[in-house]
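Secondary and tertiary structure notes
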Amino acid sequence: MLQAWAPDGIGEIIAGTDLVEVIRAAVGDDLRNGDIVVVTSKIVSKAENRFVRADDREDAITAETVRVVASRTSPTGHTTRIVENRLGIVSAAAGVDASNTPHGTVLLLPEDPDRSARAIAAGLRERTGAYVGVLVSDTLGRAWREGQTDHAIGAGGVRVFEDMRGGVDAEGRPLVVTMPCVADELCATADLVKGKAGRRPVAVVRGRADLVGELDLPGARSIVRPAERDMFHLGSAEAYAAGLAAGQGR
């Protein structure tokens, strides 16, 4: 049976906060072998002092952008940019967060979320004695669907995929492409109990001990689809403009 819960009592995180100790104090006595701890990326970024001075959030987004996928300006003049950031993640605003940050600053995503997840997992294993895995989550939109869900951007000691290729379905038909991204599914599950405004940035998911393994497992970076397999490298308007320019020899 799958269970998930988010503890209360985790206060404001500042630069230098020992996240392992904060999590241990909140849930350590309840952790069991095979539990998966899901940690919101915002508190990881705060603890790692990923604040940057930015009077204009747009400048910070530009600095974090590797590639613009699509850009649209609304009738009110607000521009939304879907970009690929330094982590290879395609999202709105490059993951730059201006909410709940000191005035005149914005918060960037962790520099290396997989490294952060591995460090937290190693610390929790050492301090609690429980063989746990850790996922670092962030809220992202989805192509062709409204709304957002939490996804895994960092993983430590967790199998991010459940590879069912080579097996068969209930009718005996071969499974050729079935490979659920269980890391994303676990982060979405955790978000149901963490919420967006409940000040519960950490959740524990229990019931998938089969996904917990050694710290050298591939991280969440392996979830990002390589550019050579990306069938939607640009937004529709951008792709049209590029094709038109090529056809006109520009």
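A brief structural summary. Since the model is a prediction, treat every value here as computed from it, not as a measurement.

Calculation notes
Residues numbered from 1 in each chain as written. Predicted model: local features only at pLDDT ≥ 70, side-chain atom pairs only at ≥ 80, totals over all residues. Heavy atoms only, no water. Helix = DSSP H or I, 4+ residues; strand = E, 2+ residues; numbered from the N terminus. Rg over C-alpha atoms; globule rule 2.2 N^0.38 Å. Buried < 20%, exposed > 50% of the residue type's maximum accessible area, 1.4 Å probe, protein only. Contact = heavy atoms within 4.5 Å. Polar contact = N/O pair within 3.5 Å; in protein donor to acceptor, adjacent residues only side chain to side chain. Core = buried A, V, L, I, M, F, W, Y, C linked by side-chain atoms within 4.5 Å. Pairing = 2+ DSSP bridges. Axes fitted to C-alpha atoms, helices over the stretch in contact; angles between N-to-C directions. Expected span 1.5 Å × (residues − 1). Parallel < 35°, antiparallel > 145°, perpendicular 65-115°, else oblique. Left-handed = near helix turned anticlockwise from the far one by under 90°. Salt bridge = Lys/Arg side-chain N within 4 Å of Asp/Glu carboxyl O.

Topic: the overall build of the protein chain
Helix and strand counts for the protein chain stand at six helices and 10 strands. Computed over the C-alpha atoms, the radius of gyration of the protein chain is 20 Å, within 12% of the 18 Å expected from 2.2 N^0.38 for a compact globule of 250 residues. If you line up the protein chain on its principal axes, its C-alpha atoms span 65 × 60 × 30 Å. When burial is assessed residue by residue, the protein chain has 42% of its 250 residues classed as buried. A separation threshold of at least 6 residues defines the contact pool for the protein chain, and within that pool the share at least 24 residues apart is 66%.

Considerations on the environment of R67
Tracing the chain through its elements places R67 in strand 4 (residues 65-73). A relative accessible area of 17% places R67 in the buried class. Along the chain, R67 and N85 lie 18 residues apart, while their C-alpha atoms are 7.1 Å from each other. Here the side chain of R67 touches H233 through a polar contact of 2.4 Å, landing on its backbone oxygen.

Concerning the nonpolar core
Judged by nonpolar contacts, the single largest core of 27 residues is most densely connected at I23, V37, V39, I120, L124 and V134. Looking at this core, the elements with two or more residues in it are helix 1 (19-27), strand 2 (36-40), helix 2 (41-47), helix 4 (113-128), strand 8 (133-142) and strand 10 (202-206). Other than its neighbours up to four places away in sequence, V39 contacts I23, V44, V134, L135, V136, S137, P201 and V202. With 18 residues, the next largest nonpolar core counts I36, V38, L186 and C187 among its residues.

Examining the sheet that holds strand 2
Read across the open sheet, the five strands follow the order 1-10-2-8-9; overall the sheet is mixed. Both outer strands of the open sheet, strand 1 (3-5) and strand 9 (145-156), are each paired with one neighbouring strand and no more. For this sheet, the mean angle separating the axes of adjacent strands, direction not counted, is 30°. Across five bridges, strand 2 lies against strand 8 in parallel orientation. Residue pairing in the sheet places V39 in a bridge with V136 of strand 8.

Focus on the sheet that holds strand 4
Strand order across the open sheet formed by three strands is 4-5-6, with antiparallel pairing between neighbours. In this open sheet, the two strands that pair with only one neighbour each are strand 4 and strand 6 (90-92). Put simply, the sheet's adjacent strands are angled 25° from each other on average, direction ignored. In terms of strand pairing, strand 5 (residues 79-85) meets strand 6 through three bridges, oriented antiparallel. Among the inter-strand pairings, E84 is bridged to a residue of strand 6, identified as V90.

Looking at helix 4
Along its 16 residues, helix 4 runs 22 Å from first to last C-alpha, staying within 8% of the 22 Å computed at 1.5 Å per residue. For helix 4, the complete set of buried residues consists of P113, D114, S116, A117, I120, A121, G123, L124 and R125. On its buried face, helix 4 is in contact with helix 1, strand 2, helix 2, strand 8 and strand 9. Immediately beyond the C-terminal end of helix 4, within one or two residues, lies G129, with a positive phi of roughly 80°.

Things to note about the packing of helix 1 against helix 4
The geometry of helix 1 relative to helix 4 is characterised by a closest axis approach of 9 Å and an angle of 50° between their N-to-C directions. Between helix 1 and helix 4, the crossing angle belongs to the class labelled oblique. As helix 1 packs across helix 4, the resulting crossing turns out to be right-handed. Along the contact surface, helix 1 presents L19, V20, E21, I23 and R24, while helix 4 presents A119, I120, G123, L124, R127 and T128.

Brief notes about the pattern of salt bridges
Scanning the model with the defined rule gives 16 salt bridges in all. Measuring nitrogen to oxygen at the nearest pair gives 3.0 Å for the salt bridge that ties R127 to D18. You can see R127 sitting in helix 4 and its partner D18 sitting in the loop between strand 1 and helix 1, a full 109 residues away along the chain. Here D18 falls in the partly exposed class, since its relative accessible area comes to 36%. Among the charged side chains, a salt-bridge network with shared partners connects D18, E21, R24 and R127.

Here's the deal with unusual backbone geometry
The phi dihedral of A93 falls on the positive side, at around 65°, and the residue is not glycine. Along the chain, A93 turns up in the loop between strand 6 and strand 7 (105-107). The backbone of W144 shows a phi angle near 70°, a positive value even though the residue is not glycine. Inspection of the secondary structure puts W144 in the loop between strand 8 and strand 9.

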